[in-house]
Amino acid sequence: MFTGIIESLGKVESIQNIGGDVRLRIQTDLDMSDVHLGDSIATNGICLTVIDFGRNWYAADVSRESLNRTTLEHWKAGQAVNVEKAMLPTTRFGGHIVSGHVDAVGEITVVRSDARSIYFEVTAPKEIARYLAEKGSVTVDGISLTINHLRGNILSLNLIPHTADRTNIGTWKTGTKVNLEVDVLARYIERLLLGDKAAETTEQSKISLDFLAENGFLK
């Protein structure tokens, strides 16, 4: 589990294709003294398992599932990535609950200055729009952010200078692809509302206004 508060701006040192998936090596200035093999480190919002590490680097294997659902398939050696170690029970909870399980890839569609902050608009895939809420939380490339406004599947965000200085948002521009993770509670609420019908659901949710009315959630 993570909080979406970025600890380090890392760099992709190498990407190696092995047997159809990928092994990554990431350079970082994280304190690696308390890291063990098998620990989780979020990298641009993707929960990766440490399979090897040194004083200023770690390595991780990436499955085809992660490659298909994230921006990782398009990463290049030398690019900046946001890095966060898994939280401890004693960690100050500064962001929101982040699992590191990316839901979809979004696209930056607007970038502009807004006083001292930077204003962004991100277009999310329509299939995850129902999990987004104005003033709710969303994780973008591992950064815990608040949705300022929501227009359908387009969300607007403001990032303060401190966040800009400590993350890779300086590389974001119109057309940049980003990893999106919705608030974990939204996923489970949908399944709970389905009740016994959850077992009948295939790829597309059966939650609709008619469903909610029929089951007493709307009057």
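None of these values were measured; they are calculated from a predicted model.

A.B. asks: Would you mind going over the environment of Ser 33 with me for this structure?
C.D. replies: Locating Ser 33 in the fold gives a position in the loop between β2 (21-27) and β3 (40-43). Accessibility expressed as a relative area gives 64% for Ser 33, which makes it exposed. Sequence separation between Ser 33 and Ile 189 is 156 residues; the distance between their C-alpha atoms is 38 Å. Within the structure, the side chain of Ser 33 is placed 2.7 Å from the side chain of Asp 31, a separation counted as a polar contact.

A.B. asks: I tried to follow the sheet that holds strand β8 (residues 117-123) on my own but got confused; where do I start?
C.D. replies: The pairing of strands in a sheet happens through backbone hydrogen bonds and is either parallel or antiparallel. With respect to topology, 7 strands assemble into an open sheet ordered β10-β9-β13-β7-β8-β12-β11, the strand pairing being antiparallel. Among the strands making up the open sheet, the edge pair consists of β10 (143-146) and β11 (149-151). Direction aside, neighbouring strands of the sheet carry axes that sit 35 degrees apart on average. The sheet contact formed by strand β9 (residues 137-140) and β10 spans 4 bridges and is antiparallel. By the bridge assignment for β10, Thr 139 is matched with Ser 144.

Definitions and limits used
- Residues numbered from 1 in each chain as written.
- Predicted model: local features only at pLDDT ≥ 70, side-chain atom pairs only at ≥ 80, totals over all residues.
- Heavy atoms only, no water.
- Helix = DSSP H or I, 4+ residues; strand = E, 2+ residues; numbered from the N terminus.
- Buried < 20%, exposed > 50% of the residue type's maximum accessible area, 1.4 Å probe, protein only.
- Polar contact = N/O pair within 3.5 Å; in protein donor to acceptor, adjacent residues only side chain to side chain.
- Pairing = 2+ DSSP bridges.
- Axes fitted to C-alpha atoms, helices over the stretch in contact; angles between N-to-C directions.

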